[in-house]
Amino acid sequence: MDEKAPQKFVDAVTAKLPKELTEKFSGKLPGMNERGPVVAVVKLHGVITSQPSPMGRPSISLQNVDSALNRAFSHDRLSAVVLSINSPGGAPTQSALVADRIRGLAAEKDVPVMAYCEDVAASGGYWLACAADEIYAHQTSLVGSVGVVSASFGMTGLLDKLGVERRVYTAGENKVRLDPFRPEKAEDVQWLRGLQDELHGQFRDWVRERRDGKLNGSEEELFSGEVWTGAKAAELGLIDGVGTLREIIERKYPDAQVQTVEGRKPLLARLGMSSGVSRNPVANLVSGLDALEHRAMWDRFGL
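Model, not experiment: these values are computed from the prediction.

Engineer: How should I be thinking about unusual backbone geometry in this particular structure?
Structural biologist: Leave glycine aside and you will find that most residues have negative phi; peptide bonds, for their part, are mostly trans. With a phi angle near 55 degrees, Asp110 is a residue other than glycine that sits in the positive phi range. On the secondary structure map, Asp110 appears in the loop between α4 (92-109) and β5 (113-122). Although it is not a glycine, Ser145 adopts a positive phi angle of roughly 60 degrees. In this structure Ser145 comes out as buried when scored by relative accessible area, which is 13%.

Engineer: Explanation requested: helix α10 (residues 245-252) in the structure shown.
Structural biologist: Along an α-helix, residues three or four positions apart point the same way, because every turn accommodates 3.6 residues. For α10, the set of buried residues is Leu245, Ile248 and Ile249. An end-on view of α10 places all buried positions within 95 degrees of arc, on one side of the element. Of the exposed residues in α10, the ones pointing more than 90 degrees away from its buried face are Arg246 and Arg251. The inward-facing, buried residues of α10 abut β1 (38-45), β4 (78-87), β5, β6 (134-137), β9 (241-242) and β10 (257-261).

Engineer: I would appreciate a short explanation of the side chain of Asp188 in the present structure.
Structural biologist: Tracing the backbone through its elements, the reader meets Asp188 in helix α7 (residues 186-210). Residue contacts for Asp188: discarding those within four places in its chain leaves Arg177 and Leu178.

Engineer: Help me understand the packing of helix α3 (residues 62-73) against α4 in this model?
Structural biologist: When two helices pack together, their arrangement is captured by the angle between the axes and the distance separating the axes. The contact between α3 and α4 brings their axes to 11 Å, and the two run at 15 degrees. As judged from the angle between their axes, α3 and α4 are roughly parallel. Seen along the crossing, α3 lies across α4 with a hand that is right-handed. From α3, Leu62, Val65, Asp66, Leu69, Asn70 and Phe73 reach across to α4, where they touch Gln94, Leu97, Val98, Arg101, Ile102, Leu105, Ala106 and Lys109. Classifying every residue of the contact of α3 with α4 by side-chain character gives nine nonpolar, two polar and three charged.

Engineer: I tried to follow the packing of aromatic side chains on my own but got confused; where do I start?
Structural biologist: The description of an aromatic ring pair uses the distance of the two centres, along with the angle that the planes make with each other. In this structure the tally under the stated criterion is two aromatic pairs. Relative to Phe203, the ring of Trp127 has its centre 4.9 Å away and its plane inclined at 40 degrees; by these criteria the two rings are tilted. Taken as a pair, Trp127 in helix α5 (residues 124-129) and Phe203 in helix α7 lie far apart in primary sequence, 76 residues in all. We classify Trp127 as buried; its relative accessible area is 10%. On the basis of relative accessibility, which here comes to 3%, the residue Phe203 falls in the buried class. Ring centres of Trp127 and Trp206 lie 6.0 Å apart, and the angle between their planes is 20 degrees; on these two criteria the pair is classed as stacked. Here Trp127 is found in helix α5, whereas its partner Trp206 is found in helix α7, with 79 residues between them in sequence. You'll find Trp127 and Trp206 in the same group, each marked buried. Following the ring pairs from residue to residue traces out a cluster consisting of Trp127, Phe203 and Trp206.

Engineer: Can you walk me through the nonpolar core in this structure?
Structural biologist: Soluble globular proteins tend to pack their nonpolar side chains together in the buried interior. Within the largest apolar cluster, 47 residues are counted, with the highest numbers of intra-cluster contacts made by Leu44, Val81, Leu83 and Tyr126. Counting residues per element, this core draws most heavily on α4, which supplies six residues. Among all residues touching Leu83, those that are not within four sequence positions of it are Val42, Leu44, Leu69, Ile102, Val113, Met114, Ala115, Tyr116, Leu128 and Ala132. By size, the runner-up hydrophobic cluster in this structure holds twelve residues, among which are Val41, Leu245, Ile248 and Ala256.

Engineer: Looking at this model, I keep getting lost on the pattern of salt bridges. Mind explaining?
Structural biologist: Close approach of charged atoms allows side chains of opposite charge to pair. Within the structure shown, the criterion is met by eleven salt bridges. Asp133 serves as the salt-bridge partner of Arg103, at 3.6 Å between the closest nitrogen and oxygen. On the criterion of sequence distance, the pair formed by Arg103 in helix α4 and Asp133 in the loop between α5 and β6 is long-range, its members being 30 residues apart. Given a relative accessible area of 21%, Arg103 falls into the partly exposed group. Taking the relative accessible area as the measure of exposure, Asp133 reaches 32% and is therefore partly exposed. As a salt-bridge pair, Lys214 and Asp240 come within 3.1 Å of each other at their nearest N and O atoms. With Lys214 in the loop between α7 and α8 (219-222) and Asp240 in the loop between α9 (230-236) and β9, this residue pair connects regions lying 26 residues apart in the sequence. Here the salt bridges share partners, and the residues they tie into one network are Arg103, Asp133 and Arg210.

Engineer: Even after reading the chapter, I still don't get the environment of Gln139, so can you show me in this structure?
Structural biologist: Note on placement: Gln139 falls in the loop between β6 and β7 (142-144). Counting along the chain gives 21 residues from Gln139 to Glu118, while the straight-line C-alpha distance between them is 9.8 Å. Setting aside its immediate chain neighbours within four residues, Gln139 contacts Thr229, Gly230, Ala231 and Val242.

Engineer: Looking at this structure, I do not really get α7. What am I missing?
Structural biologist: With 25 residues, α7 should reach 36 Å at 1.5 Å per residue; the first-to-last C-alpha distance of 36 Å fits that figure. Taken together, the buried positions of α7 are occupied by Asp188, Val189, Leu192, Gln196, His200, Gly201, Phe203, Trp206, Val207 and Arg210. If you follow the buried residues of α7, they end up packed against α4 and α5.

Thresholds, definitions, all that
- Residues numbered from 1 in each chain as written.
- Predicted model: local features only at pLDDT ≥ 70, side-chain atom pairs only at ≥ 80, totals over all residues.
- Heavy atoms only, no water.
- Helix = DSSP H or I, 4+ residues; strand = E, 2+ residues; numbered from the N terminus.
- Buried < 20%, exposed > 50% of the residue type's maximum accessible area, 1.4 Å probe, protein only.
- Arc of directions from axis to C-beta.
- Contact = heavy atoms within 4.5 Å.
- Axes fitted to C-alpha atoms, helices over the stretch in contact; angles between N-to-C directions.
- Parallel < 35°, antiparallel > 145°, perpendicular 65-115°, else oblique.
- Left-handed = near helix turned anticlockwise from the far one by under 90°.
- Nonpolar A, V, L, I, M, F, W, Y, C, P; charged D, E, K, R; others polar.
- Phe/Tyr/Trp six-rings, centres within 6.5 Å; stacked < 30°, edge-to-face > 60°.
- Core = buried A, V, L, I, M, F, W, Y, C linked by side-chain atoms within 4.5 Å.
- Salt bridge = Lys/Arg side-chain N within 4 Å of Asp/Glu carboxyl O.
- Expected span 1.5 Å × (residues − 1).

Below is the structure:
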């Protein structure tokens, strides 16, 4: 019996399959393209938050993307890992944790990392992009927003209207700052701005480190919190070039096969369900405000 018969059979079958199917199942079936190099594309889509919504909205945190990153970097024929980023930003700590994990895996596996900015890679989304060795985007993508923002709601008197009494007990005069159910204090706002300035400095240092020698604009311009199109971002050195994801991968890795890796979805989303309405009006209010906040983060960029 011909020892190469099983491989010949696999080759004959896969040759007749559409490219999309062979890309999807490559590496999962024995013998499929075992000799060729692979580029793993990791999708990092959604708001960056440590508390993902169970309602099915995509989000990014170290917890829900770590397994995808591990799978992407574990392929034995890996040429590169591509981060497909579509995020308006979010929690700075989660942005840093995910970026640090990417750099750790890249060093461990000695594999180059490329980032591609889709609709938007702003604020924390751009922080993630800077974890890559090279960054690309479409000329119409929105890139940058190197700054820090905090958003909340002032709901003074709301609980009184609902007939709810709120009780807060603290030890320490600064334990409850910027309570949305209490009038705003000037000293609390001053404290928040000091914290933002510190985080902004860390963001600037990260961008300088990762884009060393590539930045073209002044610091006042680059780190003002402004967002630019991909075309302008390339001029400023925030990214390395523009194009589509497919053409950039084909140009840099012409012989590689693309395999897409996605992170975990919320439980209800995996079941094809959405979160129901609670009988508790306060819970519904909090859930609604959470949805508005997520929506507002995308709306800032017209998306």
